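The primary structure of each chain is shown beneath.
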Amino acid sequence: AGPGATVLSTWDFGAAANAAAFARLSAGGSLLDAVEAGGMVPEADPANHSVGYSGYPDRDGHVTLDAVIMDDTGQVGAVAALEDTVHAVSVARRVMEKTPHTMLVGDGATRFARDQGFPQRALLTPEAEKAWRDWLRTANYRPEANVENRVSRTPGGALDHDTIGILARDAAGRLAGACTTSGMAFKMRGRVGDSPQVGCGLFVERGVGAATSTGLGEEVTRVAGTARVVASMRAGLSPQAACEEVVRHIASLRGDAIRGVQVGFLALGPQGEVGAFCLLPGFTYAATDAAGRTVVHKAGSLF
Ligand code: SD4
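Residues numbered from 1 in each chain as written. Predicted model: local features only at pLDDT ≥ 70, side-chain atom pairs only at ≥ 80, totals over all residues.

## Section: the pairing of strand E8 (residues 209-215)
Then, in step 1: Burial runs high along E8: seven of the seven residues are buried.
Then, in step 2: Alternating residues of E8 divide into Gly 209, Ala 211, Ser 213 and Gly 215 and Ala 210, Thr 212 and Thr 214, and every residue in both groups is buried.
Then, in step 3: Pairing geometry for strand E7 (residues 202-205) and E8, over four bridges, is antiparallel. When the bridges of E8 are listed, Glu 205 appears paired with Gly 209.
Then, in step 4: Linking E7 back to E8 in an antiparallel pair, the connection comprises three residues, with Gly 207 at a positive phi of about 75 degrees.
Then, in step 5: Note: E8 against strand E9 (residues 263-268), six bridges, orientation antiparallel. Looking at E9, one finds that Ser 213 is bridged to Phe 265. (Buried ≥ 20, exposed ≤ 12 C-beta atoms within 10 Å, placed from the backbone. Helix = DSSP H or I, 4+ residues; strand = E, 2+ residues; numbered from the N terminus. Pairing = 2+ DSSP bridges.)

## Observations regarding the sheet that holds E7
Then, in step 1: The mixed open sheet is built from five strands, whose spatial order is E7-E8-E9-E10-E13. At either end of the open sheet lies a strand with only one pairing partner, and these are E7 and strand E13 (300-301).
Then, in step 2: Sheet strands touched by helix H8 (residues 239-254): E8, E9 and strand E10 (274-278). Its angle to E10, the strand with the most contacts, is close to 20 degrees. (Contact = placed C-beta atoms within 7 Å. Axes fitted to C-alpha atoms, helices over the stretch in contact; angles between N-to-C directions.)

## Observations regarding the site of the ligand
Then, in step 1: Looking at the ligand, there are 14 residues lining it, with Thr 163, Gly 183, Gly 193, Thr 214 and Gly 217 nearest.
Then, in step 2: Of all elements in the fold, only strand E5 (161-169), strand E6 (175-184) and E8 reach the threshold of two or more residues within the shell around the ligand.
Then, in step 3: Classifying every residue of the shell around the ligand gives two nonpolar, nine polar and three charged. (Near = placed C-beta within 6 Å. Nonpolar A, V, L, I, M, F, W, Y, C, P; charged D, E, K, R; others polar.)

## A look at the pairing of E10
Then, in step 1: In terms of burial, E10 is a largely internal element, five of the five residues being buried.
Then, in step 2: Here E10 shows no split at all, with Val 274, Ala 276 and Cys 278 on one side and Gly 275 and Phe 277 on the other all buried.
Then, in step 3: Bridge analysis of E9 against E10 gives five bridges, and the strand direction is antiparallel. Looking across to E10, one finds that Leu 266 is bridged to Ala 276.

## Here's the deal with the packing of helix H1 (residues 14-26) against helix H2 (residues 31-43)
Then, in step 1: Remark: H1 packs on H2, axes separated minimally by 7 Å, with the N-to-C direction vectors making an angle of 150 degrees. The orientation of H1 relative to H2 falls into the category roughly antiparallel. Remark: the crossing between H1 and H2 carries right-handed chirality. Contacts between H1 and H2 pair Ala 16, Ala 17, Asn 18, Ala 20, Ala 21, Arg 24 and Leu 25 from the former with Asp 33, Ala 34, Val 35, Ala 37, Gly 38, Gly 39, Val 41 and Pro 42 from the latter.
Then, in step 2: Across the contact of H1 with H2, the residue classes tally to ten nonpolar, three polar and two charged. (Parallel < 35°, antiparallel > 145°, perpendicular 65-115°, else oblique. Left-handed = near helix turned anticlockwise from the far one by under 90°.)

## Overview of the nonpolar core
Then, in step 1: Among the nonpolar cores identified, the biggest contains 87 residues, and Ala 21, Val 68, Val 79 and Ala 92 are the most heavily contacted of them.
Then, in step 2: Considering every element that reaches this core, the biggest residue donor is H2, with seven residues.
Then, in step 3: If we ignore the near neighbours within four places in the chain, the residues touching Val 79 are Leu 65, Asp 66, Ala 67, Ala 88, Val 91, Ala 92, Val 95, Met 103, Leu 104, Ala 109 and Pro 196.
Then, in step 4: Listed in part, the seven residues of the second largest apolar core include Tyr 56, Ala 128, Trp 132 and Met 184. (Core = buried A, V, L, I, M, F, W, Y, C linked by C-beta atoms within 7 Å.)

## A short note on the packing of H2 against helix H3 (residues 88-98)
In helix packing, the relevant descriptors are the interaxial angle and the interaxial distance, both defined with respect to the helix axes.
Then, in step 1: Across the interface, H2 lies against H3 with an axial gap of 8 Å and an inter-helix angle of 145 degrees. Packed against H2, whose contacting residues are Leu 32, Glu 36, Gly 39, Met 40 and Glu 43, the element H3 presents Ala 88, Val 89, Ser 90 and Arg 93 at the interface.
Then, in step 2: Of the residues that constitute the contact of H2 with H3, the class distribution is four nonpolar, two polar and three charged.

## Things to note about the UniProt feature "binding site: substrate" (unreviewed entry) in the protein chain
Then, in step 1: Within this numbering scheme, the UniProt entry marks Arg 191, Val 192, Gly 193, Asp 194, Thr 214, Gly 215, Leu 216 and Gly 217 as carrying the feature "binding site: substrate" (unreviewed entry).
Then, in step 2: Structurally, Thr 214 is set in strand E8.
Then, in step 3: For Thr 214, a count of 31 C-beta atoms within 10 Å puts it in the buried group.
Then, in step 4: By C-beta crowding, Leu 216 is classed as buried, having 22 other C-beta atoms within 10 Å. (UniProt positions renumbered as here; feature names shortened; annotations may be inferred.)

## Looking at the environment of Leu 167
Then, in step 1: Following the sequence through the fold, Leu 167 ends up in strand E5.
Then, in step 2: Leu 167 gets classed as buried once you count the C-beta atoms within 10 Å, which come to 33.
Then, in step 3: Distance in space between the C-alpha atoms of Leu 167 and Met 70 is 9.7 Å, their sequence separation being 97 residues.
Then, in step 4: When residues no more than four places from it in sequence are discounted, the contact partners of Leu 167 are Leu 8, Leu 175, Gly 177, Ala 210, Thr 212, Leu 266 and Leu 268.

## What to know about helix H4 (residues 106-115)
Then, in step 1: Taken together, the buried positions of H4 are Ala 109, Thr 110, Phe 112 and Ala 113. Here the buried residues of H4 occupy an arc of 160 degrees about the axis, which is enough to place them on one side. H4 presents Asp 107, Arg 111, Arg 114 and Asp 115 as exposed residues on the side facing more than 90 degrees away from its buried surface.
Then, in step 2: If you follow the buried residues of H4, they end up packed against strand E3 (76-82), H3 and strand E4 (103-105).
Then, in step 3: The positive-phi residue at the C-terminal boundary of H4 is Gly 117, with phi of around 90 degrees. (Arc of directions from axis to C-beta.)

Dropping the structure here:
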């Protein structure tokens with residue numbers, strides 16, 4: 001795993017998130033500050049149709065966001081089906097810090113965001129609305145693999161599914177992570193993906209590792225994917241072997257049902273060891289080392 005990573009994020013656009021996270025760490029911020037700052041980057045990016053502002057809506061035209069944040073002391077906060085709020089990852093952090101709960105959903109999450117002073121903002125951009133109206137003509141729900149790396153290439157042309165998952169470690173080997181997404185484009189109203197669910201989109205355990213996932217969330221949720229990756233690491237597998245194990249498990253469990261489906265996992269060990277693996281070619285991730293150098297890598301794939 002080379003020199004080891006300090007910040008790891010899913011997809012090409014993770015490089016910008018890593019830069020923000022690394023800057024927070026360098027300025028003395030905590031690991032939670034870093035992963036939150038990283039998640040906020042794609043959330044605010046109008047060219048990214050799969051996270052936050054300008055995310056593609058559900059099939060009723062509502063942009064609904066899922067996010068989670070977690071550290072290695074077991075602190076966790078999440079929101080699901082949050083609306084009218086750009087920074088879902090920050091609301092998730094408030095859930096962690098200000099409530100006795102680990103997750104708020106729907107109207108309750110949105111009301112909590114207002115109570116906490118997060119500005120109300122319409123998330124459906126004209127471009128995303130046009131994509132939705134175009135989609136309604138066929139209403140064919142067919143998630144497309146690796147569309148995350150094609151942000152703003154074909155406005156409205158593709159069924160975006162994306163997430164940013166971001167993992168960070170400090171010099172002492174402590175770990176934290178976050179995951180934020182607008183979920184699958186044109187999903188059913190009320191659909192919640194893997195991303196905000198602990199052990200699915202994100203899992204972090206002190207001294208063992210951190211893992212995050214991306215792709216078609218249902219395929220991650222049904223196997224509690226990141227909980228499984230970290231459990232394998234606890235049992236002695238490297239982050240790479242652990243990511244490969246869960247991908248092989250999904251493939252053997254699901255057979256033909258996952259043909260053409262993308263799922264990718266990213267894992268980070270306490271010494272900065274990196275693992276990444278996916279079903280189909282095309283999953284990339286950004287790794288930033290302790291000196292702040294970022295390289296975008298292609299993950300290995302099963303097929
Ligand atoms: C979801 N896993 O909502 C997310 C989408 C995603 O890359 O990660 N896409 O299913």
